[in-house]
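Observations on the three-dimensional arrangement
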Amino acid sequence: MKTYAGIPEENASLENSKVVLVTVPYDGTSTWGKGADKGPELFLNASENMELYDIETQTEPYLEGVYLAGEVSEKSSPEAMTEAVYQKTKELLNHDDKLFTLFGGEHSVSIGSIRAVGEKFENLTVLQLDAHTDLRPEFHGSTSNHACAVFEANQKHNLVQVGIRSMDIEEAQYLPEGRVFFAHEIANNENWINDVLEKVSGNVYITIDLDAFDPSIAPSTGTPEPGGLHWYPTLELLRKVFEKCNVVAFDIVELMDSPMAKPSAFLAAKLYYKMLAYYHLYKNN
């Protein structure tokens, strides 16, 4: 039996796990760097080579259990993939006592999971860490394109965007007013984390495109953009979000296979595990 991070089977069953993890190895609409379909495999492999004691929180999050809930392998069309992710997410959300997590794949995989989570939880804030706004209504003939990843979320929920440094002029009309934290503004604002926290409340879905990070620490993404977020400030933001709000789900996307994949894969593995540590720390207190 393959388990998340190679943890013991008693910590990996559905009954014994407080976290469920679904993978979506999809890369159907990316327009530059290809290879995000290999992201889940790279992430899981890196996780197996990671120490399971978290120094910062002095905890071992895996002891709370992580259930590998399989993968969504639908690839026939972007819309079919979105529907398959939506159905899988709905199924897993039936387990009220478990945190839903997803690892992509390109960012379009988040559309279906956010849709399902938004139907279950009222007053949802979607916190997006990303280099790109992803606010196109449709792109290349599809509303399920990676460039449309949070358009629907912005229509239905409280969208907060952090780390943005690339967008098309068409998207300017859709920006959530007062809730976009551009990277160039973050760079000159010592209080940016508190400013973000003021906009994030209640039930929260966190979606992290790894290109939110600076390419110096996460080079292997589909579209690495200069001027991104760094490790410890990002962790500080995430920890405070978990402390303040009820995080009901999160996803990490856009890890790409490349000759430079290992540092980015290990960052993704550590990031996922850190988020579990914060979740359990504040959920249990």
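Given the structure is predicted, the values throughout are model-derived calculations rather than measurements.

Conventions and cut-offs
Residues numbered from 1 in each chain as written. Predicted model: local features only at pLDDT ≥ 70, side-chain atom pairs only at ≥ 80, totals over all residues. Heavy atoms only, no water. UniProt positions renumbered as here; feature names shortened; annotations may be inferred. Contact = heavy atoms within 4.5 Å. Helix = DSSP H or I, 4+ residues; strand = E, 2+ residues; numbered from the N terminus. Buried < 20%, exposed > 50% of the residue type's maximum accessible area, 1.4 Å probe, protein only. Polar contact = N/O pair within 3.5 Å; in protein donor to acceptor, adjacent residues only side chain to side chain. Core = buried A, V, L, I, M, F, W, Y, C linked by side-chain atoms within 4.5 Å. Salt bridge = Lys/Arg side-chain N within 4 Å of Asp/Glu carboxyl O.

Under the local residue numbering, the UniProt record ascribes the feature "binding site: Mn(2+)" (unreviewed entry) to His-107, Asp-130, His-132, Asp-134, Asp-209 and Asp-211. What stands out for the annotated residues spanning 105 residues is how close their C-alpha atoms remain, the widest pair being 12.3 Å apart. Among all residues touching His-132, those that are not within four sequence positions of it are Ile-164, Ser-166, Asp-211, Thr-223 and Glu-225. The topology assignment puts Asp-209 in strand E7 (residues 203–209). Relative accessible area serves as the criterion here: at 2%, Asp-209 is assigned to the buried category. If we ignore the near neighbours within four places in the chain, the residues touching Asp-209 are His-107, Leu-129, Asp-130, Val-253 and Glu-254.

Now for the environment of Arg-179. By secondary structure assignment, the location of Arg-179 is in the loop between strand E5 (158–164) and strand E6 (180–182). Measuring from C-alpha to C-alpha, the distance between Arg-179 and Ser-201 comes to 12 Å, with 22 residues separating the pair along the chain. Setting aside chain neighbours within four positions, we find Arg-179 in contact with Asn-154, Asn-158, Leu-159, Val-160, Gln-161 and Lys-199. A polar atom in the side chain of Arg-179 sits 2.8 Å from the backbone oxygen of Leu-159.

This part covers the nonpolar core. Tyr-4, Phe-43, Leu-127, Val-162, Ile-206, Leu-271 and Tyr-272 are the most contacted members of the largest nonpolar core, which has 56 residues in total. With eleven residues, helix H8 (residues 261–283) is the single largest residue contributor to this core. Setting aside its immediate chain neighbours within four residues, Tyr-272 contacts Tyr-4, Val-19, Leu-21, Phe-43, Val-66, Thr-101, Phe-250 and Ile-252. Counting 28 residues, the second largest nonpolar core, distinct from the first, contains Val-72, Leu-102, Val-109 and Val-117.

It is worth spelling out the environment of Thr-29 at this point. With respect to the helices and strands, the residue Thr-29 is situated in the loop between strand E1 (19–24) and helix H1 (39–47). Since its relative accessible area comes to 8%, Thr-29 is described here as buried. Beyond its immediate stretch of four places on either side in the chain, Thr-29 contacts Lys-34, Pro-78, Glu-106, Ser-108, Ser-144, Asn-145 and His-146.

Take the pattern of salt bridges next. Tallying each qualifying case throughout the model produces 14 salt bridges. Residue Lys-38 pairs with Asp-37 through a salt bridge whose shortest N-O separation is 3.5 Å. Note on Lys-38: relative accessible area 37%, which makes it partly exposed. Between Arg-136 and Glu-171 there is a salt bridge, and its shortest N-O distance comes to 3.7 Å. Placement of the pair is Arg-136 in the loop between strand E4 (124–129) and helix H4 (151–156) and Glu-171 in the loop between E5 and E6, with a sequence separation of 35 residues. Each member of the pair, Arg-136 as well as Glu-171, carries the same accessibility label: buried.

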